Each structure stands twice: as structure tokens, then as C-alpha cells.
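# Observations on chain architecture
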Amino acid sequence: LQNPLLWLFHLINGAAMIASFCLLMTQIIPFIVEKDQEYSTLFATLNLFLKFYISLFCIAFLLVETDVPLPMIRNSIIFQSFASRGFLYSFLGLVSTVESYSDRVQSFLGKSGNDNITWAAIFMQVSAWLMLAVGLTYFAMGVLCLQPLVTRMKEDEREQWREYRIVLKEWKRRQATTAA
């Protein structure tokens, strides 16, 4: 039987992955929808760089949430601490919220050549609010010093899975011996 607090943490972890993936998609969609977009103005160039940086952060957050064993992520205090992770997530959520408002305003003013940008901006806004909520949740968990508790629960869960796999292998071995 799984611990309800660990289940809640897995839910938050899943929401962070969904928010990161959706936010990443919102950075890519405008390039697909507006293929002929020109980046000759300073605002358009800065917007392009902002989308690039947000995409990099989203990829990094996806790697953090999936627990990929990369030394850059495992050894990073910023990514491993709940409080600093929450700060980064909420900051990215706020930046993306402002970016979505900017894209919607550009679309309403007619400076965008495609009405689909409005829908992409709304999708970005929803994703950004989800990222902000996840960030605030992680930050609160960090401030309340819940990280050691979550770490211990995750280690206990991994140990339970290890024991389950050993028992399952033994059972399969006995079944094969009995069948032969």
C-alpha cells in the first residue's frame, strides 16, 4: 500500500512534467504556425531568444522531474532543493504568463499574421499558470522542510520494489522448475 504523501508528491511531480512539456510545446508552436515570421525587429529577436531560454529551462525541468542520472542535474543544488526548484518554476511561470499576454496583445493589434497565435497564447497562459502553481507548491514544500521526508519515502518505495522483484524472480524460477 502506497503512502498517501508519496502519492501526492508523485502527483506534483507529474503536474511539473506536464507543465514543463506543455510550456515547451508553447515555445515551439509559434514556429510551426508562423513559418514566414521575420525576426528583423529588436522585439521579435528578443522574443525569439526568450522562447529559446524558456525551452532550455523546460527541457532541464523535464530531466529533473524524470530523475535522469545526469551529473549536471544530480549535483546541482538549484535543481535538487525543493525551495530553489520552486523558485525557478514559479519564475518561469511568471515570465511565461507575461509572454503569453504579450503574444495575445500582438495578435489583437494585428501585428501577428495568424489568428492561431491567440490560441497558442491561451495554451501558453494555462501552461504558465500550471507551472506557477507547481513552483509555489515546491517552494512551500521546501520552506516546510518536507524534502528529507519525501526522499526517505522514495527510498522506502524503491526498496519495496526491489524486494518485490526478488520475490517475483524467485516465484518465476519455482514455476519454471515445477513445469519442467
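Just above sits the structure.
Residues numbered from 1 in each chain as written. Predicted model: local features only at pLDDT ≥ 70, side-chain atom pairs only at ≥ 80, totals over all residues. Heavy atoms only, no water.

Mapped onto the fold, Glu 99 is located in helix 5 (residues 82-108). In this structure Glu 99 comes out as buried when scored by relative accessible area, which is 3%. In the structure, Glu 99 is positioned 29 residues away from Ala 128 in sequence and 9.4 Å away in space, judged by C-alpha atoms. The contact partners of Glu 99, leaving out residues within four places of it in the chain, are Gln 27, Asn 47, Leu 50, Lys 51, Ile 54 and Met 124. (Helix = DSSP H or I, 4+ residues; strand = E, 2+ residues; numbered from the N terminus. Buried < 20%, exposed > 50% of the residue type's maximum accessible area, 1.4 Å probe, protein only. Contact = heavy atoms within 4.5 Å.)

Attention now goes to a nonpolar patch on the surface. On the surface, Phe 49, Phe 52, Tyr 53, Leu 56 and Phe 57 cluster together into a nonpolar patch covering about 520 Å² of accessible area. A relative accessible area of 48% places Tyr 53 in the partly exposed class. (Patch = residues over 30% accessible without salt bridge, like charges linked within 9 Å, V, L, I, M, F, W, Y side chains within 5 Å. Areas by Shrake-Rupley, 256 points an atom, 1.4 Å probe, with all protein chains shown as cover. Salt bridge = Lys/Arg side-chain N within 4 Å of Asp/Glu carboxyl O.)

A few words on the packing of helix 1 (residues 4-33) against helix 2 (residues 42-65). Their axes nearest at 9 Å, the elements helix 1 and helix 2 cross at an angle of 155°. Here helix 2 runs roughly antiparallel to helix 1, going by the angle between their axes. Handedness of the crossing formed by helix 1 with helix 2: left-handed. For the pair formed by helix 1 and helix 2, the contact residues are Asn 13, Ala 16, Met 17, Ser 20, Phe 21, Leu 23, Leu 24, Thr 26, Gln 27, Pro 30 and Phe 31 on the first element and Leu 48, Lys 51, Ile 54, Ser 55, Cys 58, Ile 59, Phe 61, Leu 62 and Glu 65 on the second. (Axes fitted to C-alpha atoms, helices over the stretch in contact; angles between N-to-C directions. Parallel < 35°, antiparallel > 145°, perpendicular 65-115°, else oblique. Left-handed = near helix turned anticlockwise from the far one by under 90°.)

Let's shift gears to helix 7 (residues 147-179). If you check helix 7, its first and last C-alpha atoms are 47 Å apart, about what 33 residues at 1.5 Å a residue would give, namely 48 Å. Within the span of helix 7, buried status applies to Val 150, Met 153 and Glu 157. (Expected span 1.5 Å × (residues − 1).)

So, about the pattern of salt bridges. Tallied over the full model, the rule gives 7 salt bridges. In this structure, the salt-bridge partner of Arg 85 is Glu 65, at a minimum N-O distance of 3.2 Å. Within this pair, whereas Arg 85 is found in helix 5, its partner Glu 65 is found in helix 2, the two being separated by 20 residues in sequence. Per residue, the accessibility class of Arg 85 equals that of Glu 65, and both read buried. Between Arg 173 and Glu 170 there is a salt bridge, and its shortest N-O distance comes to 2.2 Å. A residue pair is termed a helical-turn pair when its members lie 3 or 4 positions apart in one helix, as Arg 173 and Glu 170 do in helix 7 at 3 residues. By relative accessible area, Arg 173 is classed as partly exposed at 47%. Using a relative accessible area of 29% as the deciding quantity, one classes Glu 170 as partly exposed. Three or more residues joined by partner-sharing salt bridges are found here, namely Asp 67, Arg 74 and Arg 158.

Applying the stated rule across the entire model yields 9 aromatic pairs. Note on Phe 57 and Phe 61: the rings are 5.9 Å apart at their centroids and 45° apart in plane angle, and the pair reads as tilted. Remark: Phe 61 and Phe 57 occur in helix 2; sequence separation between them is 4 residues, near one turn of the helix. A ring pair is formed by Trp 161 and Tyr 164, whose centres lie 5.6 Å apart and whose planes are at 90°; its orientation type is edge-to-face. Linking Trp 161 with Tyr 164, this pair stays in helix 7, spanning 3 residues, or about one helical turn. Its relative accessible area of 45% is what places Trp 161 among the partly exposed residues. Every member of this aromatic cluster is reached through a ring pair, and the members are Phe 9, Phe 57, Phe 61, Phe 79, Phe 82, Tyr 89 and Tyr 138. (Phe/Tyr/Trp six-rings, centres within 6.5 Å; stacked < 30°, edge-to-face > 60°.)

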